[in-house]
Structure formats: structure tokens, C-alpha cells
Amino acid sequence: MTTTTNDSSLKNWGMLISLALVWGSSFILIKRGLEVFSPGEVGAYRIVAAATFLLPLSLPRLKNLNRHQIFYLVIVGLVGSFIPAFLFAKAQTQLSSSLTGVLNALTPLFVVIIGAIFFGSKITRRNGIGLAIAFIGVFILVTVKEGTGFDAFSGINAYALFVISACICYGFNLNTIKYKFELLKPIEITAISLLMVLPMALIFLIVGTDFSFKVANIPGAWKSIGYLTLLGVLGTALALIMFNVMVKRVTPVFASSVTYLIPIVAIMWGVMDGEVLLFGHYIGIVAVILGVWYGNRK
């Protein structure tokens, strides 16, 4: 019994670390995609790549669904994949990949908040304190600039709101998966939810953007597509399957705690890519992670 429990625990932590490595690398891949394509094109192609890759898994399973399941799968597709893909791409037009990865660490706190508002869970005093600490860190991250004294803090970077909005979406997504899909398998949730939003992403990419023109005429476009394909297939499709497996095995808060590790990977990639973090950024990073950890620890 103990051996089985230990193996299960090791598997959970193994999935957590693997997801952190994959998703922590997503921000640098978005950055590479934005070198050629617009935020909308990056977001849409990411969904198209992920959903297309999973078509052999999603299409045969459609016939087994009822209306209730389809409704919630559309919600999961929108708030768990489609909307965040656009929000993160837009945010990184004005935020570094490092800071975007750090702000993403707010997800567990929004899991608690959304769970309390819509799913009947409770917000504890510890959750509230952690939330306050984390948002102090966010304020520092989005206002710090080069300088000394109070001159180092001025002008809020509103693009951080795109990341925060994506974290709110993830809060809805985690709670929906945990409480609305007792029967569906994780691979079904992932594949079919992406299929639900594939038509929107495909129509937007073909009709609403210059994606095809850029692919045919702009140097480096195919290289960027390679990065975005990796982002869609590995960072969205396969990672979401693993993530949904973990959500079904553990609590939503443990599953979302992957975001504790994502900033480390994101910062590592950012520094290697020449991004500069100021002293104030490190203070903000510590505050965000400390707040998230304190607000969700037992």
C-alpha cells in the first residue's frame, strides 16, 4: 500500500515538473513567433496546430457526447486554450517572456477565487493574505523601471492585465474540469475541447489575418511556424493531456501549482535570450511566488 502511494506521489510530481519545463518554455516560443506574426496569428495558429494534431483522437469520440458535456467542453476550449492563447501573445508584445511567466504564477490564486464564487469552495484567511502579497508583487513587476528611489516605480504596464485575464480563464478551466467531468477521460477533455474551438481559430487565421501572405513572402516565417507548431503540439496538445490527467488525480490547487515552477524556467530562457531583469523585478518575483505559495499551502 505504501509503495503504491509513493509511486503515485512520484508520478504526480513527475508530471508537475515535466509540465513546468514545457509551459515555462512556451513564453520564449511565443516570443519567437511574434518576430514574424501578429499576436492574433500566433494565438490562432497555436490552437490550429494543437487541435489538428489531436483530430484522430477527438473526431471518433464526438458521437458519444451528450449536450451537457458538449456545453462544458466548449467552455473548457474557450477559457482553457483559445482565449489565453490570444491573451498571452498580446501581452508579450510589451512584456518580456520572463515577466509573463512570472505573472502566470497567479493562476492558483484565481483557482481559489473562482472556486469560491462559482463552485462553492471557501476562501480562507490564508488565501486572502497570499492574494494580497502576490498582488503587491504584481504591482512591483508592472511598474518597475530603470532608476533610483521612487523614480524606479512609475507608469503601470497595462499589458500585464492580459496575463491576469488569462489566469482568470485558467481558474475557470481548472474548476470546470474538476467538477463537471466525472466521466470523461483527460484525453477526451483535451482533444474534444480543442476541436470545439478549432473552427473559430481556423476561420480567424484564414479570413481575418495576413498569415498566408506572411508565410509565402516574409523571410523567417517558416522558422517561426516551426516554433509555433512546437508550441501548439507540445505546449498545448500534449501538455494539456498530461495536465488534465493530473487534475483528475489531484486537487485543482496542486495541479495549478505547476505555476510555482514555470517562472524559473521562463526566467532561465529569458536571461539566455538577453532579457534584462532589474533589482525591482526580483523583488516582485519573490513577492508573487511567496504570495501564491502562502495562499495555497496546507
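Residues numbered from 1 in each chain as written. Predicted model: local features only at pLDDT ≥ 70, side-chain atom pairs only at ≥ 80, totals over all residues. Heavy atoms only, no water.

Peer 1: Hey, could you run me through the nonpolar core in this one?
Peer 2: Looking at soluble globular proteins, one finds that nonpolar side chains tend to be buried together. Counting 86 residues, the largest nonpolar core has W23, F37, L106, F243, V258 and V288 as the members making the most contacts within it. With 11 residues, the single largest contributor to this core is helix α12 (residues 221-249). Here V288 is in contact with V102, A105, L106, A134, G137, V138 and L141, once residues within four sequence places are set aside. (Core = buried A, V, L, I, M, F, W, Y, C linked by side-chain atoms within 4.5 Å. Buried < 20%, exposed > 50% of the residue type's maximum accessible area, 1.4 Å probe, protein only. Helix = DSSP H or I, 4+ residues; strand = E, 2+ residues; numbered from the N terminus. Contact = heavy atoms within 4.5 Å.)

Peer 1: Looking at this structure, I do not really get the packing of aromatic side chains. What am I missing?
Peer 2: The description of an aromatic ring pair rests on the distance of the ring centres and on the angle between the ring planes. For the coordinates displayed, the defined rule picks out 10 aromatic pairs. Taken together, the ring pairs connect F27, F88 and Y170 into an aromatic cluster. In this structure, R126 is placed above the aromatic ring of Y294, and the distance from its NZ or CZ to the ring centre is 4.7 Å. (Phe/Tyr/Trp six-rings, centres within 6.5 Å; stacked < 30°, edge-to-face > 60°. Lys NZ or Arg CZ within 6 Å of the ring centre and 35° of its normal.)

Peer 1: How should I be thinking about a nonpolar patch on the surface in this particular structure?
Peer 2: On the surface, a nonpolar cluster with roughly 330 Å² of combined accessible area is contributed by F53, L230, L234 and L238. Looking at the secondary structure, you find F53 in helix α3 (residues 39-53). Residue classification places F53 among the partly exposed positions, given a relative accessible area of 41%. (Patch = residues over 30% accessible without salt bridge, like charges linked within 9 Å, V, L, I, M, F, W, Y side chains within 5 Å. Areas by Shrake-Rupley, 256 points an atom, 1.4 Å probe, with all protein chains shown as cover. Salt bridge = Lys/Arg side-chain N within 4 Å of Asp/Glu carboxyl O.)

Peer 1: Hey, could you run me through empty space enclosed by the protein in this one?
Peer 2: One simple way to see leftover space: roll a probe sized like a water molecule over the atoms. One pass over the structure, following the stated rule, counts three cavities of 30 Å³ or more. Space inside the largest cavity adds up to approximately 340 Å³. Considering the residues around the largest cavity, the lining is formed by 24 residues, among which W23, R46, G80, F88 and Y170 are closest to the centre. Listing elements by their share of the lining of the largest cavity, those giving two or more residues are α2 (26-33), α3, α5 (67-91), α9 (160-180) and α12. Counting residues per element, the lining of the largest cavity draws most heavily on α5, which supplies five residues. Partitioned by chemical class, the residues of the lining of the largest cavity number 13 nonpolar, 10 polar and one charged. (1 Å grid on protein atoms, 1.4 Å probe; cavity = no way out; pocket = protein on both sides within 12 Å on 5 of 7 lines; lining within 4 Å. Points joined across faces, edges and corners; volume = space filled by probe spheres on them. Nonpolar A, V, L, I, M, F, W, Y, C, P; charged D, E, K, R; others polar.)

Peer 1: Is there a simple way to explain α3 in this structure?
Peer 2: In an α-helix there are 3.6 residues to a turn, and that puts residues three or four apart on one side. The end-to-end C-alpha distance of α3, which contains 15 residues, comes to 21 Å, matching closely the 21 Å that a straight helix rising 1.5 Å per residue would cover. Burial of α3 is extensive: 13 of the 15 residues sit out of reach of the surface. (Expected span 1.5 Å × (residues − 1).)

Peer 1: It is not clear to me how the pattern of salt bridges should be interpreted in this structure. Could you clarify?
Peer 2: Pairing between side chains of opposite charge can happen when their charged atoms approach one another. Enumeration according to the criterion identifies six salt bridges in this entry. A salt bridge links E35 to R32; its shortest N-O distance comes to 3.0 Å. E41 is the salt-bridge partner of K214, the closest N and O atoms lying 2.9 Å from each other. Residue K214 is located in helix α11 (residues 211-217), and its partner E41 is located in helix α3; the two are separated by 173 residues in the primary sequence. With relative accessibility at 15%, the residue K214 sits in the buried group. A residue is classified by how much of its surface remains accessible, and E41, at 2% relative accessible area, is buried. Each member of the salt-bridge network shares a partner with another, and the members are K31, R32, E35, D273 and E275.

Peer 1: It is not clear to me how α2 should be interpreted in this structure. Could you clarify?
Peer 2: The buried fraction of α2 is high, at seven of eight residues. Residues S26, F27, I28, L29, I30, R32 and G33 constitute the buried set of α2.

Peer 1: For this particular structure, what's the right way to read the side chain of T236?
Peer 2: Relative to the helices and strands, T236 resides in helix α12. In this structure, T236 is in contact with R46, A50, L194 and L231, ignoring residues within four places of it in sequence.

Peer 1: For this particular structure, what's the right way to read the environment of L109?
Peer 2: For L109, the location among the structural elements is in helix α7 (residues 107-118). Considered as a pair, L109 and W293 are 184 residues apart in the sequence and their alpha carbons are 9.3 Å apart.

Peer 1: Would you mind showing me how to read the environment of V48 here?
Peer 2: Counting through the fold element by element, V48 comes out in helix α3. Once residues within four sequence positions are removed from consideration, V48 is found in contact with L198, A201, L202 and L205.

Peer 1: Just checking my understanding: could you explain the side chain of T107 for this structure?
Peer 2: Considering the arrangement of structural elements, one finds T107 in helix α7. Take T107: its relative accessible area is 4%, and that puts it in the buried class. Within the local environment of T107, its side chain forms a polar contact with the backbone oxygen of N104, the two atoms lying 2.9 Å apart. (Polar contact = N/O pair within 3.5 Å; in protein donor to acceptor, adjacent residues only side chain to side chain.)

Peer 1: Honestly, the packing of α9 against α12 in this entry has me stumped. Any pointers?
Peer 2: Where α9 meets α12, the axes come as close as 9 Å, and the angle between the chain directions of the two elements is 55 degrees. In terms of orientation, α9 lies oblique with respect to α12. Crossing of α9 against α12: the hand is right-handed. Between α9 and α12, the contacting residues are L174, I177 and K178 on the first element and F243, N244, V247 and K248 on the second. The residue makeup of the contact of α9 with α12, split by class, is four nonpolar, one polar and two charged. (Axes fitted to C-alpha atoms, helices over the stretch in contact; angles between N-to-C directions. Parallel < 35°, antiparallel > 145°, perpendicular 65-115°, else oblique. Left-handed = near helix turned anticlockwise from the far one by under 90°.)

Interpretation note: all reported values are geometric properties and have no functional meaning in isolation.
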